[in-house]
Amino acid sequence: MRVLLVGAGGVGTAVTRIAARRSFFELMVVADHDPARGEAAVSALGDGACRFRAERVDAGDEAAVAELLRRHACDVLFNATDPRFVMPLFRAARAAGATYLDMAMSLSRPHPERPYQECGVKLGDEQFAAAADWEAAGVLALVGMGVEPGLSDVFARYAADELFDDIEEIGVRDGANLTVDGYGFAPSFSIWTTIEECLNPPVVYEADRGWFTTEPFSEPEVFDFPAGIGPVECVNVEHEEVLLVPRWVGARRVTFKYGLGEEFVNTLRTLHLLGLDRTEPVTVPGPAGPVAVSPRDVVAACLPDPATLGGRMRGRTCAGTWVRGVKDGAPREVYLYHVVDNEWSMTEYGCQAVVWQTAVNPVVALELLATGAWSGTGVLGPEAFPARPFLDLLTAYGSPWGLREQ
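Residues numbered from 1 in each chain as written. Predicted model: local features only at pLDDT ≥ 70, side-chain atom pairs only at ≥ 80, totals over all residues. Heavy atoms only, no water.

Draft legend 1. Quick peek at the sheet that holds strand S1 (residues 2-6). Strand order in this open sheet of seven strands is S3-S2-S1-S4-S5-S6-S19, and the pairing throughout is parallel. Because the sheet does not close on itself, it has two edges, and the strands there are strand S3 (52-56) and strand S19 (378-380). Within the sheet, the average angular offset between the axes of one strand and its neighbour, ignoring direction, is 20°. Across five bridges, the pairing between S1 and strand S2 (residues 27-32) is parallel. Bridging across to S2, Leu4 finds its partner in Val29. Against the sheet, helix H4 (residues 86-96) contacts S1, strand S4 (76-79), strand S5 (99-102), strand S6 (140-142) and S19, and its axis sits at roughly 160° relative to S5. (Pairing = 2+ DSSP bridges. Helix = DSSP H or I, 4+ residues; strand = E, 2+ residues; numbered from the N terminus. Axes fitted to C-alpha atoms, helices over the stretch in contact; angles between N-to-C directions. Contact = heavy atoms within 4.5 Å.)

Draft legend 2. Quick look at H4. Of the residues making up H4, those classed as buried are Val86, Met87, Pro88, Leu89, Phe90, Ala92 and Ala93. One or two positions beyond H4, positive phi appears at Gly97, with a value near 70°. (Buried < 20%, exposed > 50% of the residue type's maximum accessible area, 1.4 Å probe, protein only.)

Draft legend 3. Highlighting the packing of helix H13 (residues 353-371) against helix H14 (residues 387-396). At a minimum axis distance of 10 Å, the contact between H13 and H14 shows a crossing angle of 120°. By the angle between their axes, H13 is oblique relative to H14. Remark: the crossing between H13 and H14 carries right-handed chirality. Residues Val360, Asn361, Val364, Ala365, Glu367 and Leu368 of H13 touch H14, and the partners they reach there are Pro389, Phe390, Leu393 and Leu394. (Parallel < 35°, antiparallel > 145°, perpendicular 65-115°, else oblique. Left-handed = near helix turned anticlockwise from the far one by under 90°.)

Draft legend 4. Focus on the nonpolar core. Grouped together as the largest cluster of nonpolar side chains are 91 residues, with contacts concentrated most on Met28, Phe78, Leu142, Ile170, Leu260, Trp374 and Phe390. The greatest single-element share of this core, amounting to eleven residues, is contributed by H13. Residue contacts for Trp374: discarding those within four places in its chain leaves Leu142, Met145, Val154, Ala365, Leu368, Leu369, Pro382, Phe385, Pro386 and Phe390. Among the nonpolar cores identified, the runner-up in size contains 30 residues, and Val65, Leu69, Met105 and Val139 belong to it. (Core = buried A, V, L, I, M, F, W, Y, C linked by side-chain atoms within 4.5 Å.)

Draft legend 5. Main features of the packing of aromatic side chains. The final tally for this structure, using the stated rule, is 19 aromatic pairs. Residues Phe185 and Phe264 carry aromatic rings whose centres are separated by 5.1 Å and whose planes lie at 45° to one another, so their mutual orientation is tilted. Of this pair, Phe185 sits in the loop between strand S8 (179-180) and helix H8 (191-199) while Phe264 sits in helix H10 (residues 262-273), and the two are 79 residues apart along the sequence. Neither Phe185 nor Phe264 differs from the other in exposure class; each is buried. Between the aromatic rings of Phe225 and Tyr335, the centroid separation amounts to 6.2 Å while the plane-to-plane angle is 75°, which identifies the pairing as edge-to-face. (Phe/Tyr/Trp six-rings, centres within 6.5 Å; stacked < 30°, edge-to-face > 60°.)

Draft legend 6. Seen up close, H8. Burial runs high along H8: nine of the nine residues are buried. Every buried residue of H8 is listed here: Ile191, Trp192, Thr193, Thr194, Ile195, Glu196, Glu197, Cys198 and Leu199. On its buried face, H8 sits against strand S13 (253-258), H10 and helix H11 (295-302).

Draft legend 7. Main features of the side chain of His111. Among the secondary structure elements, His111 is positioned in the loop between S5 and helix H5 (125-128). For His111, a relative accessible area of 16% gives the class buried. Among the polar contacts listed, one links the side chain of His111 to the side chain of Glu118, at a separation of 3.4 Å. What His111 contacts, discounting residues up to four positions off in sequence, is Glu118, Cys119 and Gly120. (Polar contact = N/O pair within 3.5 Å; in protein donor to acceptor, adjacent residues only side chain to side chain.)

Draft legend 8. Inspection of the pairing of strand S9 (residues 203-206) at higher detail. Two strands pair when backbone bridges link them, and S9 and strand S10 (residues 210-213) are joined in this way by four bridges, in the antiparallel orientation. Residue pairing for S10: Val204 is matched across the bridge by Phe212. Connecting S9 to the antiparallel partner S10 that follows it, the hairpin turn spans three residues. Bridge count between S9 and S13: two bridges; the pairing is antiparallel. Its bridge partner lying in S13, Tyr205 is registered against Val254.

Next up, the structure:
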């Protein structure tokens, strides 16, 4: 397998450090718009850098990405950029006949009249619209293969296959007790992506109603997370699992709730109130005259890079899938989860917990594709594949998952 990894930020860098310990690929080209980032990711691997090469590429330039795929004879494009670049990279992979993998899907657009009742353009709609073309070409696009979405979807498939006869509800629940020394507000993941998913109308799925939307931060509940994290208030957030899981797993209701905390929610609401969550450029004075800038990009530039926060972070992060239903005629309720301790991920890989947890799952998926344990064509989510090989290999990577009866 020869892989083009586009994006050498926190998650992309973690991908290289995880993949360097595995033998399933021949070459990984690490490409970024900033050549210094790709070079830094590769050089940090030391003696393990022989199967890696740094390149410069603009993720929005489809022709340049397709040419880079062909030049290095890469058969996989691994998208580790933010969701703005999903579609150009998705199309570039298709043009080059390469397998495509991402960790977040094409962006949504709210319903123009009823944003908090009806879906407009849903997450992934643009990609699924091309599914027939990918299938006819015999090429795979594996979408939403990070931790959430990704591992959470694998958990849903595992629950359906091995733990339940009938599923009433699948609810992804994400929580952490992470703190960052010296910062009052320092998101542990891309603020651009965080704003996108937290301030867009959350989507809920119900079998007798289909997909519909609700208000941001709605339906608060307290969920007790394992590994000493404890109770965290979780709220509805827009996320890909709700759009993916019902396509392959039978359940009467699917939700995603994120443990954000009151301070974080209030900060996001303030950004929205001030219009600082907008992506449309506004004109501001500059030393050489007026400059058009995106308010959201300004917010991102003012905050610390999440990849640099590992040394200041304390605590654990937990990603998991709560499932309620029936097994052998009796009610059952379980929580399947994966916990990463920041001290461990920093000591073992030099990566903070959230980006490491996001990165390890697509590397596991790549290895399953390389060995043939996973295979398919078209546009498929993680739950379209058998779960057991993934969970066994994740454990073999030294990062076991857990199951708690509720």
